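Inside the fold
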Protein chains: 2
Amino acid sequence: MSSKQGIPSRSENYSEWYNELVVRAGMAEHSSVAGCMVIKPHGYALWENMQRALDDMFKATGHVNAYFPMFVPKSFLAKEAEHVEGFAKECAVVTHYRLKLDPAAGGLIVDPEAKLEEELILRPTSETVIWNTYSRWIQSYRDLPLLINQWANIVRWEMRPRLFLRTREFLWQEGHTAHATYEEAEEEAARIHEVYRRFAEDWMAVPVVKGRKTEVEKFAGADHTYTIEALTQDLRAIQAGTSHHLGQNFAKAFDVTFQTQEGRLEYVYATSWGVSTRLIGTLVMAHSDDKGLVLPPRLAPIQIVIVPIGRDDASKQATLQAAERLAASLGEARYDGRPLRITVDKRTKESPGFKFNDWELKGACLRIELGPRDLESGSVVVARRDTFEKETVPTEDLAEALPAELAEMQSRLLRKALAFREANTHRVDRWEEFAERFAGEGGGGFVLAHWDGTPETEKEIAERTKATIRCIPLEPLHPDDEKPGACILTGRPSPRRVLFAKAY
Amino acid sequence: MSSKQGIPSRSENYSEWYNELVVRAGMAEHSSVAGCMVIKPHGYALWENMQRALDDMFKATGHVNAYFPMFVPKSFLAKEAEHVEGFAKECAVVTHYRLKLDPAAGGLIVDPEAKLEEELILRPTSETVIWNTYSRWIQSYRDLPLLINQWANIVRWEMRPRLFLRTREFLWQEGHTAHATYEEAEEEAARIHEVYRRFAEDWMAVPVVKGRKTEVEKFAGADHTYTIEALTQDLRAIQAGTSHHLGQNFAKAFDVTFQTQEGRLEYVYATSWGVSTRLIGTLVMAHSDDKGLVLPPRLAPIQIVIVPIGRDDASKQATLQAAERLAASLGEARYDGRPLRITVDKRTKESPGFKFNDWELKGACLRIELGPRDLESGSVVVARRDTFEKETVPTEDLAEALPAELAEMQSRLLRKALAFREANTHRVDRWEEFAERFAGEGGGGFVLAHWDGTPETEKEIAERTKATIRCIPLEPLHPDDEKPGACILTGRPSPRRVLFAKAY
């Protein structure tokens, strides 16, 4: 059964619930260009809030932004063997640089005389272009570390596109750093891994497991990859951010050496790391409900909506004016160090019920209902999006009460998501139970199980169950997880449990 | 003769001065991908400051941001006749979506089986993709106005690339708005035209002439185009921003109609408007000198650099610590409502002279010299980048003196540029004088002359002199400019003077 918003419920069809919610809440839609999305203003406003928070964190850890060309010469891609293997199959390729009128049929055709000497790939990631550049920028230990981030669009020719989760073009940030030693690069990869965890938990209110990817799952071209993994409401894992220690792989591919303080010539160590608009999909999946978006206050584009309510034109007019006065009077109030993001619903033709549904769909964190009686009593009704609790608050207390309510909502969302994850994290020791958990269409939650450490076993488990090793956790969710045991499939010795799940 | 920075002087070779300055100051460089640039951290920091100021202005005038696909199906481009005419010759075309290993030679080749059904153009501008989307978003007068901006990368296959001025990929913002009436669209185009003027003059300290483009020079697909035109130090015009009234051209091409309040079905009116990283080139050309960048304080990435000076290790250490204390003590100081952007030069091996040159090259607005004697006297030397004036200021006065000095520099840069423009703006009435002024390689300044209003005359003047009509000024630079006269070429009647110049 569909909700009032015309979206299926989560229990009915989680996948359709997500697709419809993203569209109807005004976050994004499929464009006429196959596989690509339009990020609509409401979705983009959320991305802007994410960008600002992340950008501040990157700058606070010493990084600066720059911009590199989106065109990757085909020969660059070929320089790092694993890297090309990982990306060649989904590359958009520019082959020509001019159109012309078809002299025969009259339409517009690609001018065959304007063929590029070398084809250009649209960046699926920028390691190759950036390390080609770094070869000019790095000569000496004094040029290191180089700590650069880029905000950019990315192209990967996905065959099963889904809004925010997998589209042929998406937006992201990619950090690319260069270091004198393996240890410094390791520190950097760990530092960003922790930045990503903090962003997920403190801003998105999404608890994540910090871990290391297996050899099978690591980034194509990395020495090793760190990841943060979240759990969705349909019990699947979603990879929310990765930080790669690239070793000297790209430095060797692009011949980037530096003179050490002692005068030796050595290859540079590298990291790269990124999060993308996929985080928006993660956020939607983490908190939203059958009525629409539930967004954490620190990132929500609309923290507070004031809905004036009136029976006749006169009372509509009076409450609208009062709503605007109220919004203005909150100008000095601060949540999270910033002015409150307040919207006044000025629509006059729609019913209060329609408007309440609409703001629940769009994920306004707090709704203030302001009717003629409230004007008289000097108080308003404040409704919480996540709990649907309503409270009557004296107008004069709002400047304090609203930020406190937002803070409480932010913290409750994380607590709730954490409780959900705990309830859906299982320690499994028998193969039958393991296979049973991942049988069928749905997800199976997080499963901590023993693994013998071989890619063969990892692949066989994935083939049999569609569950993959999301990560080898860095910090155990329970101390016993780090005790040795027997592999869930082969029974061979295993030093510790690893995290299995079906993944987005 | 080259300056100490290794860049030619402006008088020696203006073009080379610009190219070398942009590279050596760390703004940008040519990438290995032909025709594309890398925007280096110092240049990107300037762009970020520009973005923030512009974005705030767009939001203050009611606009929101969104993101549309960068891929334009070939058939979209063909829908608006003038538009395709304007852009078809410089389009990057994506034809395939996969690479594979060459079974014969072993290298990486484009997979011929992965050919797109329809070729995709990389957006040279987004009117077509956006109006295809708006056809889904707009049904009723209640959906209007639609006021959307996008920050994005753009591709135009330039054959004579120059850093920031013309590169095959560049960054910009593009506003795309939809309105119920011609008049509302006209108001919007004018509003943004004025936003651009304010940004150029109040932020960039670059005086501009506001005007309307001729039919020959207007945007491909516009009803009419507004422009702001600046004058460079080599006496050429540079178009710094344009705002287009698109009439119903794109609404008709993409069949975007709306139901009016009275129930009629009408085509929507449109505007589009943009500024790009070309503004960085404009800024460099406007104020910089033979020693390097001169940047307006409101946009400069580094407003203040503190250079500790010491003769021996002990005094180097003492002044470095004092410099860091000083920077920290200025934490509460504000210029333009924001914390000061202060850098402490921590390098210990370079001489003070080297550092002074380096910060002059990079365009730090104020340099604070902090030597052992200054420590004793409790004062420092403050040097202004634009005037090279030095002043001794008691340390305790800096929190007030520095913002005041930045404000005075910001205002002086505009005054100076305005005086330069006035000295190089000429009213010419005889053809010989006109032709003489634009003879030779250099620019000829701004020339206000009469024109008979025909495209034929406009084109013939351009052919003979390389000077084009930059705009028909909206506000006369002098009241007499709006008096009628005789066309500079044909002698036919002219209602008013228009602005001629050689353009970048």
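Above this text sits the structure in question.
Notes on the structure follow. (Residues numbered from 1 in each chain as written. Chains lettered and ligands numbered in written order. Predicted model: local features only at pLDDT ≥ 70, side-chain atom pairs only at ≥ 80, totals over all residues.)

**Structural notes on the overall build of chain A**
Secondary structure assignment for chain A yields 14 helices and 29 strands. For 504 residues, the compact-globule estimate of 2.2 N^0.38 gives 23 Å, and chain A sits close to it at 26 Å. The buried share of chain A, reckoned over its 504 residues, is 50%. Within chain A, contacts between residues separated by at least 24 positions form 68% of all contacts whose residues are at least 6 apart in sequence. (Helix = DSSP H or I, 4+ residues; strand = E, 2+ residues; numbered from the N terminus. Rg over C-alpha atoms; globule rule 2.2 N^0.38 Å. Buried ≥ 20, exposed ≤ 12 C-beta atoms within 10 Å, placed from the backbone. Contact = placed C-beta atoms within 7 Å.)

**Topic: the packing of helix α2 (residues 41–60) of chain A against helix α6 (residues 182–203) of chain A**
Residues and elements named next belong to chain A. Taken N-terminus to C-terminus, the directions of α2 and α6 make an angle of 145°; their axes are 11 Å apart at the nearest point. Two packed elements cross with a definite hand, and for α2 against α6 that hand is right-handed. Contacts between α2 and α6 pair Ala53, Leu54 and Met57 from the former with Val195, Phe199 and Trp203 from the latter. (Axes fitted to C-alpha atoms, helices over the stretch in contact; angles between N-to-C directions. Left-handed = near helix turned anticlockwise from the far one by under 90°.)

**Describing the relation of the copies chain B and chain A**
Once chain B has been moved 0.0 Å along the axis and rotated by 180°, it coincides with chain A to within an RMSD of 0.0 Å. Such a combination of turn and shift is consistent with a two-fold rotation axis. Among all C-alpha atoms of chain B, that of B:Val94 lies closest to the rotation axis, at 2.1 Å. (Least-squares fit on C-alpha atoms with pLDDT ≥ 70 in both.)

**A look at the nonpolar core**
Grouped together as the largest cluster of nonpolar side chains are 300 residues, with contacts concentrated most on A:Ile304 and B:Ile304. With sequence-adjacent residues up to four places away left out, B:Ile304 is seen in contact with B:Leu340, B:Ile342, B:Ala364, B:Cys365, B:Leu366, B:Ile368 and B:Leu402. (Core = buried A, V, L, I, M, F, W, Y, C linked by C-beta atoms within 7 Å.)

**Quick word on the interface of chain B and chain A**
The interface of chain B with chain A comprises 48 residues on the first partner and 48 residues on the second. Classifying every residue of the side of chain B that touches chain A by side-chain character gives 30 nonpolar, nine polar and nine charged. The pairing of strand β5 (residues 93–96) of chain A with strand β5 (residues 93–96) of chain B spans three bridges and is antiparallel. Residue pairing in the sheet places A:Val94 in a bridge with B:Val94 of β5(B). (Nonpolar A, V, L, I, M, F, W, Y, C, P; charged D, E, K, R; others polar. Pairing = 2+ DSSP bridges.)

**Some details on the sheet that holds β5(A)**
Spatial strand order, β4(A)-β8(A)-β5(A)-β5(B)-β8(B)-β4(B): six strands in an open sheet with antiparallel pairing. In the strand order of this sheet, the two ends are held by β4 (71–73) of chain A together with β4 (71–73) of chain B, each with one partner. With strand direction ignored, the average angle separating the axes of adjacent strands in the sheet is 45°. In terms of strand pairing, β4(A) meets strand β8 (residues 115–122) of chain A through three bridges, oriented antiparallel. Pairing of A:Val72 across the sheet is with A:Ile121, part of β8(A).

**Quick word on the sheet that holds strand β20 (residues 342–344) of chain B**
Residues and elements named next belong to chain B. Spatially, five strands are ordered β20-β17-β21-β22-β23 in an open sheet, and the strand pairing comes out mixed. In the strand order of this sheet, the two ends are held by β20 and β23 (390–394), each with one partner. Taking each pair of neighbouring strands and ignoring which way they run, the sheet shows an average axis angle of 25°. One ladder, built from four bridges, connects strand β21 (residues 366–370) with strand β22 (residues 379–384); its direction is antiparallel. Paired with Leu366 across the strands is Arg384, a residue of β22. Sitting on the sheet, helix α9 (residues 313–329) touches β17 (304–308), β20 and β21, and the angle it makes with β17 is about 155°. Most of the contacts of helix α10 (residues 352–362) go to β17, to which it runs at about 175°, and overall it touches β17 and β21.

**Structural notes on the environment of B:Val38**
Along the chain, the position of B:Val38 falls in strand β2 (residues 37–39). Sequence-distant contacts of B:Val38, that is, excluding residues within four places in its chain, are made with A:Ala66, A:Phe68, A:Pro69, A:Thr133, B:Ala28, B:Glu29 and B:Ser31.

**Examining unusual backbone geometry**
The omega angle of the peptide bond from A:Leu144 to A:Pro145 is -5°, so this bond is cis rather than trans. The backbone of B:Phe164 sits at a positive phi, close to 70°, despite the residue not being glycine. Locating B:Phe164 in the fold gives a position in the loop between β9 (146–155) and β10 (169–179). Here B:Asp336, not a glycine, exhibits a phi torsion of approximately 60°, which is positive. By secondary structure assignment, the location of B:Asp336 is in the loop between β18 (334–335) and β19 (338–339). Among the residues examined, B:Asp336 registers 16 C-beta atoms within 10 Å and is labelled partly exposed.

**Quick look at α9(B)**
Residue and element names in this part refer to chain B. Relative to the 24 Å expected for 17 residues at 1.5 Å per residue, α9 spans 24 Å between its end C-alpha atoms, a close match to the ideal helical length. Within the sequence span of α9, burial applies to Thr319, Leu320, Ala322, Ala323 and Leu326. Angularly, the buried residues of α9 cover 165° about the axis, an arc narrow enough to put them on a single face. Turned more than 90 degrees away from the buried face of α9, the exposed residues are Asp313, Ala314, Gln321, Arg325 and Ala328. The inward-facing, buried residues of α9 abut β17, β20, β21 and α11 (372–377). (Expected span 1.5 Å × (residues − 1). Arc of directions from axis to C-beta.)

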